[in-house]
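Residues per chain are reported as follows:
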Amino acid sequence: MNYTKLQELLINFIKEQAGYKNLILGLSGGIDSALVAHLCKKAVGEKLFVLLMPTKHSKKENLDDALMLCEYLQIHHKIIYIDEVLCAYEKICQDLNPLRFGNLAARVRMSLLYDYSALHNALVVGTSNKSELMLGYGTIYGDLACAFNPLATLYKSEVFEFAKFIGVHENFIKKAPSADLWPNQSDEKDLGYKYEVLDEVLKALENNQSLEKFDENLKNLVLERVQNNAFKRKLPTTLKNTYDLA
């Protein structure tokens, strides 16, 4: 892939989407949001604002890396600890399992981003990559919500390569992918396979190529996730016509 050209295309894309508005995104300490922050900074400069929203389960290194990136790129930022909101709900719903807790945290973060987007006259920028979008590995109305998404056409394996090209700090590149939603949470452990393996199947699927060469369990996992999570990739269904209801 020509990453020089890709960088130019994405920076122009971000500029066009931003228009006269500012941009805001959630910076997690992971590679996806770090890469998007780099691109947005190059595109809009001082018009970028980020929120860092850790919980009691968040790794300290992720917050440290996010703060390091803010300082390096000179990004306006604010830290908001969201434990108080999450704990208040936990008291009401005491059987909250890790998955539900993680989804709640993702939606609280997005609620804050959209609130701050109103405060700063900003558009919320998405940070989900193509692998996550195809597999449905994200929270609807949580981290999947955004005004536009620069990484939507890049597989996770391509994100790593592009991040190296852009000059994202090695701390983000060498870190195991994790949404950091609960202690020791790992994306690849949740999915059962490494992203480079999953991406090979996703690319073959997208290009209408045969999947016969892939392990049966791997193939079935990808097909099941892509099919079962299609609703996350669509806009809400609405009535097409209402004139006959008069």
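Throughout, residues of each chain are indexed from 1 in the direction in which the sequence is written. Thresholds applied to this predicted model are a pLDDT of at least 70 for local features of residues and 80 or more for the giving and counting of side-chain atom pairs; totals over whole chains, interfaces and linings are not thresholded and use all residues. Side-chain calculation: all heavy atoms of the structure are included, whereas hydrogens and water are not.

### Regarding the UniProt feature "binding site: ATP" (unreviewed entry) in the protein chain
Here is step 1: UniProt positions are given in the numbering used here, feature names are shortened, and annotations may be inferred rather than shown by experiment. Here, UniProt's "binding site: ATP" (unreviewed entry) annotation points to G26, L27, S28, G29, G30, I31, D32, S33, T127, K156 and S178.
Here is step 2: Mapped onto the fold, I31 is located in helix α2 (residues 31-44).
Here is step 3: When checking whether two residues touch, look at their non-hydrogen atoms; a contact exists if any pair is within 4.5 Å. Every residue in contact with I31, bar those within four places of it in the chain, is listed here: K156, V159, F160, A163, F172 and I173.
Here is step 4: Inspection of the secondary structure assignment puts S33 in helix α2.
Here is step 5: If we ignore the near neighbours within four places in the chain, the residues touching S33 are L25, G26, L27, S28 and T127.
Here is step 6: Here a polar contact is taken to be a pair of N or O atoms separated by no more than 3.5 Å, where protein atoms must pair a possible hydrogen donor with a possible acceptor and residues adjacent in sequence count only if both atoms sit in side chains. One polar contact links the side chain of S33 to the main-chain amide nitrogen of S28, over a distance of 3.2 Å. Numbering of helices and strands starts at the N terminus; helices are DSSP runs of H or I of at least 4 residues and strands are runs of E of at least 2.

### Quick look at α2
Here is step 1: A helix's residues, less one, multiplied by 1.5 Å, set its expected span. With 14 residues, α2 extends 20 Å between its outermost C-alpha atoms, agreeing within 8% with the 20 Å of an ideal straight helix rising 1.5 Å per residue.
Here is step 2: Phi for G45, located one or two positions after α2, is positive at around 60°.

### Some details on the pattern of salt bridges
Here is step 1: One side-chain nitrogen of Lys or Arg within 4 Å of one carboxyl oxygen of Asp or Glu is enough to make a salt bridge. Within the structure shown, the criterion is met by 7 salt bridges.
Here is step 2: The salt bridge involving K56 is made with E90; its shortest N-O contact spans 3.8 Å. Residue K56 is located in the loop between β2 (48-52) and α3 (60-73), and its partner E90 is located in helix α4 (residues 83-92); the two are separated by 34 residues in the primary sequence.
Here is step 3: A salt bridge links E216 to K219; its shortest N-O distance comes to 3.3 Å. Here E216 pairs with K219, and both are found in helix α11 (residues 216-228), just 3 residues apart, close to one helical turn.
Here is step 4: Relative accessible area decides the class of each residue, using a 1.4 Å probe on protein chains only: under 20% of the type maximum gives buried, over 50% gives exposed, and in between gives partly exposed. E216 gets classed as partly exposed once you look at its relative accessible area, which sits at 46%.
Here is step 5: You can call K219 buried: its relative accessible area is 15%.

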